[in-house]
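Coordinate inspection notes
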Amino acid sequence: MTLFRLFRGLLTARHRRMSALAPALAAAVAITVLPASLYAETSLGALLQSFGGKTDPKGIASSNGRIEAQSIDVAPKYAGRLDEVLPKEGDVVEAGQVIARMDDRDTQAQILGAKAAVLRAKAAKQVAEASVMQAQSALEVARTTHDRVVKLNADGHAAQSVLDDATNALHSAEASVAMAQAQVSDGDALISQSEAELDRLNVALDDLEVRAPLRARVLYRLHEPGEVVAAGTPILTLLDLTDVYMNLYLSAPVVGPLALNDEARIILDPIPQYVIPARITFISPESQFTPKTVETQEEREQLVFRVKLSIPRDLLEKFESYVKVGIRGVGYVRTDPGADWPQDLQVKLPQ
């Protein structure tokens, strides 16, 4: 008896739920038989249309994407301790602007040592030059003595052994001059080497001031003053505000008619009232699977080709403060080069 009452209760609850759903089902059926114009005006119709999307005009293809910009990791050339990191995230830095400084005390000390080495090399050259003068003086004495002994030997007043000694003394004096002159050349080489080392250290000192390679916006500040970083460790990530683009992933039939430098259009989700002009600057020669971060209307397993739409530099310079990466939108390309852009894809920019 208890089991029978349980089944009866379940059947009664199900009947009540079906009765409650009946008006909603009737409304849905009524909507499906509405004319197209009235159907579109209903909230449910608008919702269904938003799920289905709209069809691209003839000769136009589109795909979802997001705004990206070329990023540059700025790193010091040498390992050391960070003294300063000047810009904050979001700041715009100019090309050549100092954005970080490394501890330079060790390099400064090496520069002082290199300057001392230059002075020592110059002093050594002066000593060598003095040795040349001394050797040349001894050579003149030896030459005079040799000439006198030659005459005396010719007259029979000097023995041959005396002439041989004078000749050997002359040759020794000539060798001393040559050696002293070589020491002068060695002094010149030592000076050049010392000055080159000083120049290298000055360059290293300059490299301890990390400069921005181009005008850009700071995206990430990766290290703070006081941290010890290795050579080549990025301390700031910059965004090149003149190299902004959107990557689309299009199927082979769409990519086939496209060519580099073709016109394109971009519409961003936050500002759908504006149409941004662009150019096709890259078409991948190899197909790939659609990345998971890009949502398309087609199956993700389908092979597609990456197409890069770049925004003109002059336009980016004009609207630099509005450039933001990561914003999603839709990119449009013409599969028919002769097709005209429809009215809703004509270029429209903020004034």
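Scroll up a little and you will see the structure.
Residues numbered from 1 in each chain as written. Predicted model: local features only at pLDDT ≥ 70, side-chain atom pairs only at ≥ 80, totals over all residues. Heavy atoms only, no water.

1. A word on unusual backbone geometry
Here N261, not a glycine, exhibits a phi torsion of approximately 75 degrees, which is positive. Of note, N261 is situated in the loop between α6 (252-255) and β9 (263-268). For N261, a relative accessible area of 52% corresponds to the exposed category. (Helix = DSSP H or I, 4+ residues; strand = E, 2+ residues; numbered from the N terminus. Buried < 20%, exposed > 50% of the residue type's maximum accessible area, 1.4 Å probe, protein only.)

2. A closer look at the packing of helix α4 (residues 105-155) against helix α5 (residues 160-207)
Running from N to C, α4 and α5 point in directions that differ by 165 degrees, and their axes come no closer than 7 Å. By the angle between their axes, α4 is roughly antiparallel relative to α5. In this structure, the crossing between α4 and α5 has a hand that is left-handed. In terms of residue class, the contact of α4 with α5 is built from 28 nonpolar, 16 polar and 10 charged. (Axes fitted to C-alpha atoms, helices over the stretch in contact; angles between N-to-C directions. Parallel < 35°, antiparallel > 145°, perpendicular 65-115°, else oblique. Left-handed = near helix turned anticlockwise from the far one by under 90°. Nonpolar A, V, L, I, M, F, W, Y, C, P; charged D, E, K, R; others polar.)

3. Topic: the pairing of strand β13 (residues 328-334)
Of all 7 residues in β13, 6 are buried; the element is thus mostly enclosed. Of the strand pairs in this sheet, strand β1 (residues 60-74) and β13 are connected by 7 bridges, and their pairing is antiparallel. Within β13, the position partnered with S62 by the bridge is Y332. Here 5 bridges tie β9 to β13, and the two strands are oriented antiparallel to one another. Each bridged residue has a counterpart across the sheet, and for R265 the counterpart in β13 is Y332. (Pairing = 2+ DSSP bridges.)

4. Focus on the pattern of salt bridges
In total, this model carries 15 salt bridges according to the counting rule given. With a shortest N-O distance of 2.8 Å, E197 and R200 are connected by a salt bridge. On the criterion of helical spacing, the pair formed by E197 and R200 is a turn pair, its members being 3 residues apart in helix α5. On the basis of relative accessibility, which here comes to 33%, the residue E197 falls in the partly exposed class. With a relative accessible area of 40%, R200 lands in the partly exposed category. (Salt bridge = Lys/Arg side-chain N within 4 Å of Asp/Glu carboxyl O.)

5. Concerning the environment of D207
Position of D207 relative to the elements: it lies in helix α5. Overall, the relative accessible area of 23% leaves D207 in the partly exposed class. Along the sequence, D207 and P76 sit 131 residues apart, while their C-alpha atoms lie 7.4 Å from each other. Once residues lying within four places of it in the same chain are set aside, the contact partners of D207 are K77 and Y78. (Contact = heavy atoms within 4.5 Å.)

6. Focus on the sheet that holds strand β2 (residues 80-85)
Strand order across the open sheet formed by 4 strands is β5-β4-β2-β7, with antiparallel pairing between neighbours. Either end of the sheet is taken by a strand with one partner, and the two such strands are β5 (209-211) and β7 (228-229). The sheet contact formed by β2 and β7 spans 2 bridges and is antiparallel. Along β7, the bridge assignment pairs G80 with V229.

7. Description of the nonpolar core
Counting 27 residues, the largest nonpolar core has V244, L250, I266, V307, L309, I311 and V333 as the members making the most contacts within it. Looking at this core, the elements that each hand over two or more residues are β1, β8 (236-250), α6, β9, β10 (271-283), β12 (303-310) and α7 (313-318). When residues in this core are grouped by element, the largest group, 6 residues, is from β8. Residues in contact with I266, not counting those within four places in the same chain, are M246, Y274, V275, I276, A278, L309, I311 and V330. I99, M102, A212 and L238 belong to the second-largest nonpolar core, a separate cluster that totals 16 residues. (Core = buried A, V, L, I, M, F, W, Y, C linked by side-chain atoms within 4.5 Å.)

8. Here's the deal with the packing of aromatic side chains
In total, this model carries 1 aromatic pair according to the counting rule given. When the ring centre of Y245 is taken as origin, the NZ or CZ atom of K308, which lies over that ring, is 4.2 Å away. (Phe/Tyr/Trp six-rings, centres within 6.5 Å; stacked < 30°, edge-to-face > 60°. Lys NZ or Arg CZ within 6 Å of the ring centre and 35° of its normal.)

9. Topic: the environment of L208
If you trace the backbone, L208 turns up in the loop between α5 and β5. Considering only alpha carbons, one finds L208 and P76, 132 residues apart in sequence, at a separation of 6.9 Å. Sequence-distant contacts of L208, that is, excluding residues within four places in its chain, are made with Y78, A100, R101, M102, D103, D104 and T107.

10. Side note on the pairing of β12
Of all 8 residues in β12, 6 are buried, a share of seventy percent or more. Of the strand pairs in this sheet, β8 and β12 are connected by 6 bridges, and their pairing is antiparallel. Looking at β12, one finds that Y249 is bridged to R306. Sheet topology note: the β10/β12 ladder contains 4 bridges and is antiparallel. Its bridge partner lying in β12, I280 is registered against L309. Bridge count between strand β11 (residues 288-289) and β12: 2 bridges; the pairing is antiparallel. Bridge pairing in β12 links Q288 to V304.

11. Concerning the side chain of R217
For R217, the location among the structural elements is in strand β6 (residues 216-221). Put simply, R217 is tucked away with no salt bridge, and the nearest opposite charge, on E320, sits 5.8 Å away. For R217, the side chain forms a polar contact with the main-chain oxygen of V323, separated by 2.5 Å. Beyond its immediate stretch of four places on either side in the chain, R217 contacts G90, D91, V92, T237, L238, L239, L241, E320, S321 and V323. (Lys, Arg positive; Asp, Glu negative; His and termini not counted. Polar contact = N/O pair within 3.5 Å; in protein donor to acceptor, adjacent residues only side chain to side chain.)

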